[in-house]
Amino acid sequence: MTLSESDFEEILGDVTKTIHGDLEWSESDNHVSWLKFRADIDSEDGYPLSVAGSYNPIVEKVSFALIYGGVGRVYALDLGVKHHNPTCENIGDTHKHRWTDCYRDKLAYEPDDITATVAEPVAVWEQFCDEALIDHDGTLAPPPALQTEIFE
Amino acid sequence: MNRICQKLGEQMGALYECGEKSDGLLQIRTPFMYPDGDYVDLYLRQGAGSATLTDYGETLRWLEMQSGALQITSKRRRLINDVCMTQGVEFFQGALVSRLESEDEIAQSVVRLGEACVRVSDLWFTFRNRSVETTGEEVESFLDERGIPFDRNVKLPGRSGKSWRVDFQTRTSQQSSLIKLLTTGSRSSASTLSKTTLAMWVDLSNFRLGESRMQFITLIDDTVDVWRDEDFQLVENASTVARWADPDDFEEQLRAA
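Treat the numbers as computed from the prediction; the structure is a model and nothing was measured. (Residues numbered from 1 in each chain as written. Chains lettered and ligands numbered in written order. Predicted model: local features only at pLDDT ≥ 70, side-chain atom pairs only at ≥ 80, totals over all residues. Heavy atoms only, no water.)

K.L.:
Which parts of the structure should I look at to understand the overall build of chain B?
P.N.:
Of the regular secondary structure elements, chain B holds eight helices and 11 strands. In summary, chain B has a C-alpha radius of gyration of 26 Å against a globular reference of 18 Å for 257 residues, an excess of more than 25%. With respect to the principal axes defined by its C-alpha atoms, chain B has extents near 80 × 40 × 30 Å. Buried positions account for 51% of the 257 residues belonging to chain B. The long-range fraction of contacts in chain B, counting pairs at least 24 apart against all pairs at least 6 apart in sequence, stands at 55%. Carbon and sulfur atoms make up 45% of the accessible area of chain B, which amounts to about 12000 Å² in all. Positive and negative charge centroids in chain B, built from 30 and 40 side chains respectively, lie 5 Å apart. (Helix = DSSP H or I, 4+ residues; strand = E, 2+ residues; numbered from the N terminus. Rg over C-alpha atoms; globule rule 2.2 N^0.38 Å. Buried < 20%, exposed > 50% of the residue type's maximum accessible area, 1.4 Å probe, protein only. Contact = heavy atoms within 4.5 Å. Areas by Shrake-Rupley, 256 points an atom, 1.4 Å probe, with all protein chains shown as cover. Lys, Arg positive; Asp, Glu negative; His and termini not counted. Charge placed at Lys NZ, Arg CZ, Asp CG, Glu CD.)

Take a look at the structure:
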């Protein structure tokens, strides 16, 4: 299925989006250098929405993304990585992707509402939820310590 | 400036930014991009005797963030191994890795590993829940792969005189089928679609009779969680229900006698 930009704006503006309960980071069998979590988002209109988070402490990068079932990532915040827009601007180390009809999720901008740093992933999460109008009625746990080096 | 960064700058020019990330770790910002436009960063960890160039799992992390549920299936693992073989890199503990025996190899290794990151990130095209391809196109690809002949968007007259359009008509050695694909991202649309589909199958019921009788299949795109039990039960009154999340079962129904 596809998603229109106006549908996306409606979803993003929906104030009933809620994540219930506490969230914790987890490791995976696939990788050892970064952590992740995933949670479903409830809403009155029943959008098939979930959120994904990932944090790589070795290279100091963190990302949060809104994922729409059947479409994929429609909104995301990245810290620690630069971006190139299809319109040819380069965007800095803190940027947000936002769904558009023309470019899907490839268009990014530098937000002025993210002041937390990569070293504070929980604070970044809270600021992400603020602009996305997601009410998280629990807490995101601080990331556990990882094996810091996998290569000698 | 770090000696390796200097060498990289001389060999590769200003498109590659190189600097110390932390003690003993260099960050190399390449001009390669993941499919969404994020730049590929590589990292050089220097050790005794050799150095390791790696993405520290960033390519897999990028893939994870597209769906929130990355699975390295055996097929995807084969694709990754194929990329690694071509590029002369390793896939180790979720990271793409290249070993440097000498600093002179830095430029070549950066290009090969950067290209490997881009190619592995193209696994994104194997994800089913992405917007590049519609569900109808996915079903079409599936029928092609499984060698099931089909016609697309077939218009048929109902008993009421109204014309209906089914998404696929298939013909296997044992069975011919009419398939209506139900796909939507909204619960309210799901309910409307199932009611309309029931009406369609009832009106086309004459196609179930006679020598060339057809099997009616309602294929529900349940990869999106908007369908309720009553939606399934409604269309089950007049058709066989198949779920797109279980394509093997769908194929069995198409081939069943």
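K.L.:
Mind showing me how you'd approach the state of the cysteines here?
P.N.:
Joining two cysteines, a disulfide is a covalent bond between their sulfur atoms. In total, this model carries one disulfide over all chains according to the counting rule given. Across the disulfide, cysteine 5 of chain B is cross-linked to cysteine 18 of chain B (sulfur-sulfur distance 1.9 Å). One quick way to see it: the torsion about the S-S bond of cysteine 5 of chain B and cysteine 18 of chain B is about -65 degrees, and its sign makes the bridge left-handed. Within this pair, whereas cysteine 5 of chain B is found in helix α1 (residues 3–12), its partner cysteine 18 of chain B is found in strand β1 (residues 17–22), the two being separated by 13 residues in sequence. For cysteine 5 of chain B, a relative accessible area of 5% translates into the label buried. Left without a disulfide partner, cysteine 88 of chain A is nearest to the cysteine sulfur of cysteine 102 of chain A, which lies 13 Å away. When its relative accessible area of 58% is taken as the criterion, cysteine 88 of chain A is described as exposed. (Disulfide = S-S within 2.5 Å.)

K.L.:
What is the right way to look at a negative patch on the surface in this model?
P.N.:
A grouping of Asp7, Glu10, Glu44 and Asp45 of chain A is seen on the molecular surface, where their side chains present a negatively charged patch. Position of glutamate 44 of chain A among the secondary structure elements: in the loop between β3 (31–41) and β4 (49–56). (Patch = residues over 30% accessible without salt bridge, like charges linked within 9 Å, V, L, I, M, F, W, Y side chains within 5 Å. Salt bridge = Lys/Arg side-chain N within 4 Å of Asp/Glu carboxyl O.)

K.L.:
Whenever I open this one, the pairing of strand β8 (residues 163–171) of chain B confuses me. Can you help?
P.N.:
Each regular strand displays side chains that alternate between the two surfaces of the sheet. All names here are of chain B. The pairing of strand β7 (residues 150–157) with β8 spans seven bridges and is classified as antiparallel. Directly across from proline 157, in β8, lies its bridge partner serine 163. The antiparallel hairpin formed by β7 and β8 contains five residues in its connecting segment, where glycine 161 sits at a positive phi of about 100 degrees. Counting the residues in the hairpin turn of β8 and strand β9 (residues 176–182) gives four residues. (Pairing = 2+ DSSP bridges.)

K.L.:
Would you mind going over the interface of chain A and chain B with me for this structure?
P.N.:
The accessible area lost on association of the parts is a frequent measure of interface size. In this assembly, 48 residues from chain A lie in contact with 46 residues from chain B. When chain A packs against chain B, the two sides together hide about 4000 Å² of surface, and 52% of this comes from carbon and sulfur. In this assembly, chain A and chain B are joined by seven salt bridges. One salt bridge connects arginine 29 of chain B with aspartate 93 of chain A, and the closest N-O pair in it is separated by 3.0 Å. (Buried area = accessible area lost by both parts, 1.4 Å probe.)

K.L.:
How should I be thinking about the packing of aromatic side chains in this particular structure?
P.N.:
One pair of aromatic rings is described through two measures. These are the centre distance and the angle between the planes. Following the criterion strictly, the structure yields 18 aromatic pairs over all chains and no others. Measuring from ring centre to ring centre gives 6.3 Å for phenylalanine 8 of chain A and tyrosine 75 of chain A, while their planes differ by 40 degrees; the resulting arrangement is tilted. With phenylalanine 8 of chain A in helix α1 (residues 5–13) and tyrosine 75 of chain A in strand β6 (residues 72–79), this residue pair connects regions lying 67 residues apart in the sequence. In terms of burial, phenylalanine 8 of chain A and tyrosine 75 of chain A fall into one category: buried. Consider the rings of tryptophan 25 of chain A and tyrosine 55 of chain A, whose centres lie 6.1 Å apart with planes at 50 degrees: the pair is tilted. Here tryptophan 25 of chain A, found in the loop between β1 (18–19) and β2 (26–28), pairs with tyrosine 55 of chain A, found in strand β4; they are 30 residues apart in sequence, far enough to count as distant. Looking at tryptophan 25 of chain A, the relative accessible area reads 8%, which means it is buried. According to the relative accessible area criterion, tyrosine 55 of chain A is buried, its value standing at 10%. Each residue in the set Phe8, Trp25, Phe37, Tyr55, Phe64, Tyr75, Trp125 and Phe128 of chain A is aromatic and connected to the rest through ring pairs, giving one cluster. The ring centre of tryptophan 164 of chain B lies 4.5 Å from the NZ or CZ of lysine 162 of chain B, which sits over that ring. In this arrangement the basic side chain of arginine 243 of chain B is found over the ring face of phenylalanine 232 of chain B, its NZ or CZ atom lying 4.1 Å from the centre. (Phe/Tyr/Trp six-rings, centres within 6.5 Å; stacked < 30°, edge-to-face > 60°. Lys NZ or Arg CZ within 6 Å of the ring centre and 35° of its normal.)

K.L.:
Looking at this structure, how should I read empty space enclosed by the protein?
P.N.:
Any space left empty among the atoms is revealed by the rolling of a water-sized probe across them. Considering all chains together, one arrives at three cavities of 30 Å³ or more under this definition. Approximately 130 Å³ is the volume attributed to the largest cavity. Looking at the largest cavity, it is lined by 14 residues, and the ones nearest its centre are Val81 of chain A together with Asp38, Glu58, Arg61 and Trp62 of chain B. Of the residues forming the lining of the largest cavity, the biggest block, five residues, is contributed by helix α2 (residues 58–67) of chain B. A class-by-class count of the residues in the lining of the largest cavity yields five nonpolar, two polar and seven charged. (1 Å grid on protein atoms, 1.4 Å probe; cavity = no way out; pocket = protein on both sides within 12 Å on 5 of 7 lines; lining within 4 Å. Points joined across faces, edges and corners; volume = space filled by probe spheres on them. Nonpolar A, V, L, I, M, F, W, Y, C, P; charged D, E, K, R; others polar.)

K.L.:
Just checking my understanding: could you explain the pattern of salt bridges for this structure?
P.N.:
Close approach of charged atoms allows side chains of opposite charge to pair. The full count for this structure, using the stated rule, is 25 salt bridges over all chains. Residue arginine 3 of chain B pairs with glutamate 103 of chain B through a salt bridge whose shortest N-O separation is 2.3 Å. Of the two residues, arginine 3 of chain B is situated in helix α1 and glutamate 103 of chain B in the loop between β6 (95–100) and α4 (106–121); the sequence distance between them amounts to 100 residues. Among the residues examined, glutamate 103 of chain B registers a relative accessible area of 24% and is labelled partly exposed. Across the pair arginine 228 of chain B and aspartate 231 of chain B runs a salt bridge whose closest N-O atoms are separated by 3.9 Å. If you follow the salt bridges from partner to partner, you end up with Lys61 and Asp93 of chain A together with Arg29, Asp41, Glu58 and Arg61 of chain B in one network.

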